[in-house]
Amino acid sequence: MPGPGMEIVGEEEIQEVLEVLRSRWLYRYGAEQDPNFKRKVLTLEEQIARMSHVNHAVAVNSGTSALLVALGALSIGPGDEVIVPGYTFIASISSIVYARAIPVLAEIDRTFNLDPADVAAKVTPRTKAIMAVHMMGNPARLDELKAIADRHGIALIEDAAQAFGASYKGRPIGSIGTIGCFSFNAYKTITAGDGGMVITSDRNLYERAFAFHDQGHSPGRTGVEVGQRPFIGLDFRMTEVQAAVLLGQLKKLPQILSHLRANKTRFKQIVAQLPGIEFRELPDPDGEICTLLTVILPTAEIAEKIAAEIGGRPMSAAGWHVYNNMENILEQRTITPEQCPFTCPYYTSKAPRIKYYQGMLPNTDALLARSINISIGVPDPGLRSSFGVNINDGLDVVEQRANQFCEIASKYLR
């Protein structure tokens, strides 16, 4: 099942796409003098930069690309370490590997995001960045994480793939760290099927991010540059059609957030009456986007039984969101047999080869094992949130599903 944006595609998106198709300009670059060229990608970048309170944005073709571009913009590579949570979408970790740096897995706390205490303990002279992942629409403890990053002179990357539209103490998510990343795939707040965005207020990082995503070219290019490219880049460009869909979706963001917040408030009010349950901690309750309601049960056994009755599994069973279930990461299965970057002399000459194994993050394991996700707007089997409601459901359905959950859970909670 898709996320909120996918469920409410309508005339706004259709008209934006038709405008692009009728113009016959599908590429992000076109003839500037031609009035038919609509500049949808540029317009989207400008609008998201403005709403995020940053100076620059680079539209890319996926959230994974956004992370890799951000790491490249920060010059992170061989010999470097990046601290990342063990509970995240696998792209947070795999992007670090493809940057040829080393992911250092850290514990989560009851926000289900990075635990600042464990992050502080895992900073080494090789650490070049902390990747704060705002999982399931809930901002991480950014004050504490930024303080750690600033104290050590390292970058704070905000992986806001699951949190587009969120804020932290009045500031838009993605604008607080050194650089921020969004995703627009089918499970996100707004979507074009896929797509991503990199945001920053640092002009140098912007120019590097743009060059990385567009074969080394400079922002605003109008032709083929020769001799001016700062380094070898790749092609992660967004198309005009993708940007057109997102411009239509962006107009609906306030409506989406308002509906999600109302539904979650009511669902939580009903479920909160159950004895012995707890909810995830919210560093800024007004800032989360409310796509999921995370319920913490007294024991893993109770969580397993309740989850089974609602047709799911506890969060510990999430396949590509929990490090324990990422066999390709645990076994360091790289695309080539020498297993770079894990065997790279730039790293191994400074530190022993890093090892990953199931159970290496016991606090994360214990918390996920006794927790259940309920969908408020993202019925995603990958997050173990198939039970709940979606963006088209009203309060009547919310109350029905919440009472259904209570009826099932009350059999195991005394």
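What counts, and at which threshold
Residue numbers here run from 1 along each chain, matching the order of that chain's written sequence. In keeping with the model being predicted, local features are shown solely for residues with a pLDDT of at least 70 and side-chain atom pairs are shown and tallied solely at 80 or more, while totals for entire chains, interfaces and linings include all residues. Neither water nor hydrogens contribute to the side-chain values; these are computed over all heavy atoms in the structure. Note on definitions: salt bridges are taken to be side-chain nitrogens of Lys or Arg within 4 Å of carboxyl oxygens of Asp or Glu. Numbering of helices and strands starts at the N terminus; helices are DSSP runs of H or I of at least 4 residues and strands are runs of E of at least 2. Each residue's exposure class comes from its accessible area (1.4 Å probe, protein chains only) as a fraction of the maximum for that residue type: buried when under 20%, exposed when over 50%, partly exposed otherwise. Here a strand pair is declared whenever DSSP counts at least two bridges between the two strands. Geometry is summarised by axes, namely lines fitted to C-alpha atoms with helices restricted to the contacting stretch, and by angles between N-to-C directions that run from 0 to 180 degrees. Contact between two residues is taken to exist if any of their heavy atoms lie within 4.5 Å; hydrogens are not considered. Between the first and last residue of a helix there are one fewer steps than residues, each counted as 1.5 Å, and that sum is the expected span. Between 30 and 60 degrees the pair is tilted, below 30 it is stacked and above 60 it is edge-to-face, where a pair is any two Phe, Tyr or Trp rings, Trp via its six-membered ring, whose centres lie within 6.5 Å. Two cysteine sulfur atoms make up a disulfide if the distance between them is within 2.5 Å.

Enquirer: I would appreciate a short explanation of the pattern of salt bridges in the present structure.
Expert: Opposite charge on two side chains lets them pair, provided their charged atoms get close. For the structure shown, the criterion picks out 24 salt bridges. With its nearest N and O atoms 2.7 Å apart, the salt bridge here joins Arg141 to Glu281. One end of the pair, Arg141, is in the loop between strand E4 (127-133) and helix H7 (142-152); the other, Glu281, is in the loop between strand E10 (278-279) and strand E11 (292-296), with 140 residues separating them in the sequence. The closest approach of N and O atoms between Asp214 and Arg237, which form a salt bridge, is 2.5 Å. Of this pair, Asp214 sits in the loop between helix H8 (203-213) and helix H9 (240-250) while Arg237 is found in the loop between H8 and H9, placing the two residues 23 residues apart along the sequence. The class for Arg237 is buried, based on a relative accessible area of 17%. Connected through salt bridges with shared partners, the residues Asp109, Arg110, Arg141, Glu278 and Glu281 form a single ionic network.

Enquirer: Would you take a moment to explain the sheet that holds strand E1 (residues 56-60) for this structure?
Expert: Hydrogen bonding along the main chain pairs the strands of a sheet, whether they run parallel or antiparallel. Here we have 7 strands laid out as an open sheet, ordered E1-E9-E8-E5-E4-E2-E3, and mixed in their pairing. Edge strands, defined here as strands with exactly one partner in the open sheet, are E1 and strand E3 (102-106). Looking at each pair of strands side by side, their axes are set apart by 20° on average, direction ignored. With 3 bridges connecting them, strand E2 (residues 81-85) and E4 associate as parallel partners. By the bridge assignment, Val82 is partnered in E4 with Ala129. Packed onto the sheet, H7 meets E4 and strand E5 (155-159) and runs at close to 145° relative to E5.

Enquirer: Can you help me understand unusual backbone geometry in this one?
Expert: Working note: non-glycine residues mostly have negative phi, and peptide bonds are mostly trans. In this structure, Pro341 follows Cys340 across a cis peptide bond, with omega equal to 15°. In this structure, Pro341 sits in the loop between helix H12 (327-330) and helix H13 (345-348). Residue Ser75 is not a glycine yet carries a positive backbone phi of 60°. Following the sequence through the fold, Ser75 ends up in the loop between helix H4 (63-73) and E2. Take Ser75: its relative accessible area is 49%, and that puts it in the partly exposed class.

Enquirer: Quick question: what am I supposed to make of helix H15 (residues 395-409) here?
Expert: Every α-helix winds through 3.6 residues per turn, so residues three or four apart in the chain are directed the same way. Taking 1.5 Å of rise per residue, the 15 residues of H15 would be expected to cover 21 Å, and the 21 Å separating its terminal C-alpha atoms lies within 8% of that figure. Those residues of H15 that fall on the buried side of the exposure criterion are Val397, Val398, Ala402, Phe405, Cys406, Ile408 and Ala409. Buried residues along H15 sit against helix H10 (253-271), helix H11 (300-309) and strand E12 (371-375).

Enquirer: Please explain the packing of aromatic side chains as it appears in this structure.
Expert: Where two aromatic rings form a pair, the distance of their centres and the angle of their planes describe that pair. Under the definition given, this model contains 10 aromatic pairs. Ring geometry for Phe164 and Phe184: centres 5.3 Å apart, planes at 80°, overall edge-to-face. Here Phe164, found in the loop between E5 and strand E6 (167-168), pairs with Phe184, found in the loop between strand E8 (179-183) and strand E9 (196-200); they are 20 residues apart in sequence, far enough to count as distant. Like Phe164, the residue Phe184 is buried in the burial classification.

Enquirer: Just to check I follow, could you spell out the state of the cysteines for this structure?
Expert: Every disulfide links exactly two cysteines, by a covalent bond between their sulfur atoms. The tally for this structure, following the rule as stated, stands at 0 disulfides. The thiol sulfur of Cys340 is not disulfide-bonded, and the nearest other cysteine sulfur, from Cys344, lies at 4.7 Å. Among the residues examined, Cys340 registers a relative accessible area of 17% and is labelled buried.

Enquirer: Where do I start with the pairing of E12 in this structure?
Expert: Regular strands have side chains that alternate between both faces of the sheet. With 5 of 5 residues buried, E12 is to be regarded as a mostly interior element. Looking at chain direction, E11 and E12 are connected through 5 bridges and run antiparallel. Note on E12: the bridge partner recorded for Val295 is Ile372.

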